[in-house]
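A closer look at the structure
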Amino acid sequence: MQTSRCAAMTSTRTLAITATLGLAAASWVLALRQMRGMDMGVATDLGSLAFFMAAWTPMMAAMMLPGAVPAVSRFVRSSGRALAAPVFAGSYLAVWALVGLAVYALYQPHSSSAAGALTIAAGLYELTPIKRDCRRRCRTTVRSGFQFGFDCVGSSVGLMAMLVALGVMSVTWMVVVAALVVGQKLLPPRTAVDMPVALAIVILGIVIVVAPSSVPGLVLPM
C-alpha cells in the first residue's frame with residue numbers, strides 16, 4: 001500500500017512538473033507572438049491596458065514558471081493533491097499580473113540615461129540584504145502560490161526593473177533577464193557568482209549612461 005501511494009505521488013509530481021514546463025514553453029510562443037513589432041527600446045509605448053496585459057501575462061509565465069518548478073513539486077508533495085499544481089501556479093502568476101498593473105501605471109517612455117540609472121540601481125539592489133532574504137525565502141517557502149509569488153517579486157524586482165528600463169517588449173532583454181531569474185531560483189546563493197553578476201549589471205548601467213550606442217540589443221529613441 002505504501003509503495004502504491006509513493007508511486008502515485010511520484011506520478012502526480014512528474015505530471016505537475018511536465019505540465020508546468022509545457023505551460024512555460026507555450027507561453028514563450030505566445031509571448032513572442034504578442035511582442036512582435038512592439039519593441040522600441042526605451043521609447044516603447046505600452047498601448048492600452050488590455051493589450052499590454054495580453055503580452056505581459058504570457059511573458060511572466062514564460063520567464064517565471066521554469067524557475068518555479070521545484071516549488072511546484074514541493075507544494076504538490078506537501079499537499080498530496082493533483083490539483084495543487086495549477087492552483088499554486090495560477091496564484092503565483094496572479095502576483096506577477098499585479099506587478100504588470102503597477103508597471104503599466106508607472107511606466108513612461110524614457111531616455112537611455114534613465115534606463116542606465118535604473119540598471120545601476122538594479123545591480124545595487126542585487127547586493128542588498130532584502131534581495132538575499134527574499135531570494136532565500138523564494139527558494140525554501142512554498143506555503144502558497146501567493147506567498148511564493150510575493151517572495152519572488154522581492155527577489156526579482158531589480159531584474160524586472162532592468163527589463164522594463166531597457167525594453168519591456170524586447171525579446172533580447174527578456175531572454176537575458178529570464179536566464180538570470182531562473183538561475184537565481186535554481187542555484188543557491190554564492191558570493192563568488194552573485195557578486196560578479198551584480199557588478200556586471202552595474203557596469204552595464206554605467207556603459208548605457210556613458211555610451212548607449214555601444215550596447216548590443218539596446219534600442220535607442222529615434
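As the structure is a prediction and not an experimental result, all values here were calculated from the model.

Let us look at helix 7 (residues 171-186). The end-to-end C-alpha distance of helix 7 is 22 Å, a good match for the 22 Å that 16 residues give at a rise of 1.5 Å each. Every buried residue belonging to helix 7 is among W173, M174, V177, A178, V181, Q184 and K185, and all of these are buried. Projected down its long axis, helix 7 shows its buried positions confined to an angular sector of 135°, all on one face. Where helix 7 begins, the capping side chain belongs to S170, and its oxygen is found 3.4 Å from the backbone nitrogen of T172.

A separate point is the packing of aromatic side chains. What describes a pair of aromatic rings is the distance from one ring centre to the other and the angle between the planes of the rings. As enumerated under the stated definition, the model contains five aromatic pairs in all. Considering the side-chain rings of F52 and W56, the 5.6 Å spacing of their centres and the 35° angle between planes classify their relative orientation as tilted. Highlighted residues: F52 and W56, both in helix 2 (residues 49-79), separated by four residues, approximately one helical turn. Across the pair, exposure class does not vary: F52 and W56 are buried alike. Their ring planes at 35° and their centres at 5.7 Å tell us that F52 and Y104 sit as a pair that is tilted. Here the residue F52 occupies a position in helix 2, and Y104 occupies one in helix 3 (residues 84-106), the gap between them amounting to 52 residues. A residue is classified by how much of its surface remains accessible, and F52, at 0% relative accessible area, is buried. Overall, the relative accessible area of 27% leaves Y104 in the partly exposed class. One aromatic cluster in this structure is built from F75, F88, Y92 and F148.

Criteria and cut-off values
- Residues numbered from 1 in each chain as written.
- Predicted model: local features only at pLDDT ≥ 70, side-chain atom pairs only at ≥ 80, totals over all residues.
- Heavy atoms only, no water.
- Helix = DSSP H or I, 4+ residues; strand = E, 2+ residues; numbered from the N terminus.
- Expected span 1.5 Å × (residues − 1).
- Buried < 20%, exposed > 50% of the residue type's maximum accessible area, 1.4 Å probe, protein only.
- Arc of directions from axis to C-beta.
- Polar contact = N/O pair within 3.5 Å; in protein donor to acceptor, adjacent residues only side chain to side chain.
- Phe/Tyr/Trp six-rings, centres within 6.5 Å; stacked < 30°, edge-to-face > 60°.

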